[in-house]
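Topology and contacts: notes
Letter by letter, the chains look like this.
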Amino acid sequence: MFFLPTVNAYAAQDAHSPLAPFQIERRELRAQDVQLEILYSGVCHSDLHQARSEWGPSLYPLVPGHEIVGRVTAVGEGVSRFQVGDLAGVGVMIDSCQHCESCAEGLEQYCENGHTTTYNSREKDTGNLTFGGYSTSIVVTEQFVLRVPGSLALPAVAPLLCAGITMYSPLKHWKIGRGHHVAIVGLGGLGHLGIKLAVALGAEVTLFTTSQGKAADGLRLGAHHVVISNDPDAMKAVRGSFDFILSTVPTKHDLNPYLRTLKRDGQLIIVGAIDPVGVHGGLLISHRRSVAGSNIGGVAETQEMLDFCGEHGIVADIELIDMQDINVAYERMVNNDVKYRFVIDMASLK
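Cut-offs applied
Residues numbered from 1 in each chain as written. Predicted model: local features only at pLDDT ≥ 70, side-chain atom pairs only at ≥ 80, totals over all residues. Heavy atoms only, no water. Helix = DSSP H or I, 4+ residues; strand = E, 2+ residues; numbered from the N terminus. Buried < 20%, exposed > 50% of the residue type's maximum accessible area, 1.4 Å probe, protein only. Lys, Arg positive; Asp, Glu negative; His and termini not counted. Charge placed at Lys NZ, Arg CZ, Asp CG, Glu CD. Salt bridge = Lys/Arg side-chain N within 4 Å of Asp/Glu carboxyl O. Axes fitted to C-alpha atoms, helices over the stretch in contact; angles between N-to-C directions. Parallel < 35°, antiparallel > 145°, perpendicular 65-115°, else oblique. Contact = heavy atoms within 4.5 Å. Nonpolar A, V, L, I, M, F, W, Y, C, P; charged D, E, K, R; others polar. Expected span 1.5 Å × (residues − 1). Core = buried A, V, L, I, M, F, W, Y, C linked by side-chain atoms within 4.5 Å. Phe/Tyr/Trp six-rings, centres within 6.5 Å; stacked < 30°, edge-to-face > 60°. Pairing = 2+ DSSP bridges.

**Observations regarding the overall build of the chain**
Along the backbone of the chain there are 11 helices and 17 strands. Structurally, the chain occupies a C-alpha span of about 65 × 40 × 40 Å along its principal axes. Taken across its 350 residues, the chain has 55% of its residues classed as buried. With 27 positive and 37 negative side-chain charges, the chain shows a spacing of 8 Å between the two charge centroids.

Right under this line is the structure:
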């Protein structure tokens, strides 16, 4: 067995402490394991929420990071899909039960027995804490490792492992493509990728934003139209216009104005973890509209998304930072001061 020594990381020790240097041990390389040197780690808003224990009690010490891009440095004897030197990625999950109905259908994100997250979780067999991508290396079972297209800029690929698949999965599930009119609510880490993906799938795309200042950026990213959603006249003008709306807003907000813009049989999909303001039943039954939610994608769908992005040249708009700047980045993220995703250059941690 190959043993990976103690590696450098950044961790939160409790809900109130800043992230700081920390050392972790990765497990012995098992037969089906892949070891990655982490090159880049995306910074997801959920990293901040969990570091600060805002989604329920977190497990400390906590090493965030589930948008991981790296290079394979070792493989177990049973690994067949990867070899040393390959580019690879790890997303939000590193394990699931593998025997429930959802897992059997390749929908590990909905595992009935609970998937194991890349950090802030426990390994099913050992009970050891899982530590994420704010570290120099990681060991993951081959089934949850993804091939990364070499044609794309690697730092900007990292956010695809969470933000990208979060947007791609509902677009594919509801079979969005040419001829559909799609709206994206919010222009942030999720929304900007939603625009790129929906356009590449052939849809006509509208951005809903409360900020007039984001209109030009929305168009630059590929949106065909921009609607200022706190302008009553603008919202009235697009009533009954859309087949499909993806709401990326992570805070409590009123869905009813957006429901009015759906056509008959239109769907509004929530991908932000919010407590929505009460939905008016009349807006649903009058046009057979529906409200649903969507999580990330399964492993196969995430690989499909990466391959699709490779074919279409889709990556995130990022700001590359050093690991030592993560606490400043968190504060900037709270203030929406990033276009549109921070990515950590892990060479800064060595």
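Now that the structure has been shown, the text picks up again.
**Some remarks on the pattern of salt bridges**
All chains considered together, the criterion is met by 15 salt bridges. Across the pair Arg-220 and Asp-317 runs a salt bridge, and its minimum N-O distance is 3.0 Å. With Arg-220 in helix α6 (residues 215-220) and Asp-317 in the loop between α10 (299-312) and β16 (318-322), this residue pair connects regions lying 97 residues apart in the sequence. Residue Glu-319 is joined to Arg-332 by a salt bridge in which the shortest nitrogen-to-oxygen separation is 2.8 Å. One end of the pair, Glu-319, is in strand β16; the other, Arg-332, is in helix α11 (residues 326-334), and 13 residues separate them in sequence. By relative accessible area, which is 28% here, Glu-319 ends up partly exposed. A relative accessible area of 23% means that Arg-332 is categorised as partly exposed. When salt bridges that share partners are traced, they join Lys-196, Asp-217, Arg-220, Asp-317 and Lys-339 into one network.

**Overview of the packing of helix α4 (residues 163-173) against α10**
Closest axis-to-axis distance for the α4/α10 pair is 10 Å, and the angle between their directions is 100°. Between α4 and α10, the interaxial angle falls into the category roughly perpendicular. For the pair formed by α4 and α10, the contact residues are Gly-164, Ile-165, Tyr-168, Ser-169 and Lys-172 on the first element and Glu-301, Thr-302, Glu-304, Met-305 and Phe-308 on the second. Residues belonging to the contact of α4 with α10 are distributed by class as follows: four nonpolar, three polar and three charged.

**Remarks on α10**
The terminal C-alpha atoms of α10 lie 20 Å apart, and with 14 residues this matches the ideal 20 Å at 1.5 Å per residue to within 8%. The complete set of buried residues in α10 reads Val-299, Glu-301, Thr-302, Gln-303, Met-305, Leu-306, Phe-308 and Cys-309. At its buried positions, α10 is contacted by β6 (93-95), β9 (146-147), α3 (154-157), α4 and α5 (189-200). Immediately beyond the C-terminal end of α10, within one or two residues, lies Gly-313, with a positive phi of roughly 65°.

**Side note on α4**
Counting along an α-helix, one turn takes 3.6 residues, and residues three or four places apart therefore face a common direction. α4 sits mainly inside the fold: nine of its 11 residues count as buried. Among the residues making up α4, those that are buried are Ala-163, Gly-164, Ile-165, Thr-166, Met-167, Tyr-168, Ser-169, Pro-170 and Leu-171. In the core, the buried residues of α4 are packed alongside β10 (181-185), α5, β13 (242-247), β14 (262-270), α10 and β17 (341-345). A positive backbone phi angle near 55° is found at Lys-175, which sits one or two residues after α4.

**As for the nonpolar core**
Residues Tyr-134, Val-157, Ile-326 and Tyr-330 are the most contacted members of the largest nonpolar core, which totals 92 residues. Discounting residues that sit within four places of it in the chain, Tyr-330 has contacts with Leu-19, Val-43, Asp-47, Leu-48, Ala-51, Arg-52, Pro-64 and Tyr-134. Among the nonpolar cores identified, the runner-up in size contains 16 residues, and Val-185, Phe-208, Val-238 and Leu-259 belong to it.

**Considerations on the packing of aromatic side chains**
In this structure the tally under the stated criterion is four aromatic pairs. Ring geometry for Tyr-168 and Phe-308: centres 5.7 Å apart, planes at 50°, overall tilted. Placement of Tyr-168 in helix α4 and of Phe-308 in helix α10 is noted, with a sequence separation of 140 residues between them. Owing to a relative accessible area of 1%, Tyr-168 belongs among the buried residues under this scheme. For Phe-308, a relative accessible area of 11% gives the class buried.

**Side note on the environment of Gly-91**
Position of Gly-91 among the secondary structure elements: in the loop between β5 (87-90) and β6. For Gly-91, the residues in contact, after removing those within four places along its chain, are His-66, Thr-118, Leu-146 and Leu-161.

**Details of the sheet that holds strand β12 (residues 225-228)**
Strands sit in the order β12-β11-β10-β13-β14-β15 across an open sheet of six strands; the sheet is parallel. Of all strands in the sheet, those bounded by a partner on one side alone are β12 and β15 (290-293). Going from strand to strand, the sheet's axes swing by 20° on average, the running direction of each strand aside. Bridging between β10 and strand β11 (residues 204-209) involves five bridges; their strand directions are parallel. Along β11, the bridge assignment pairs His-181 with Glu-204.

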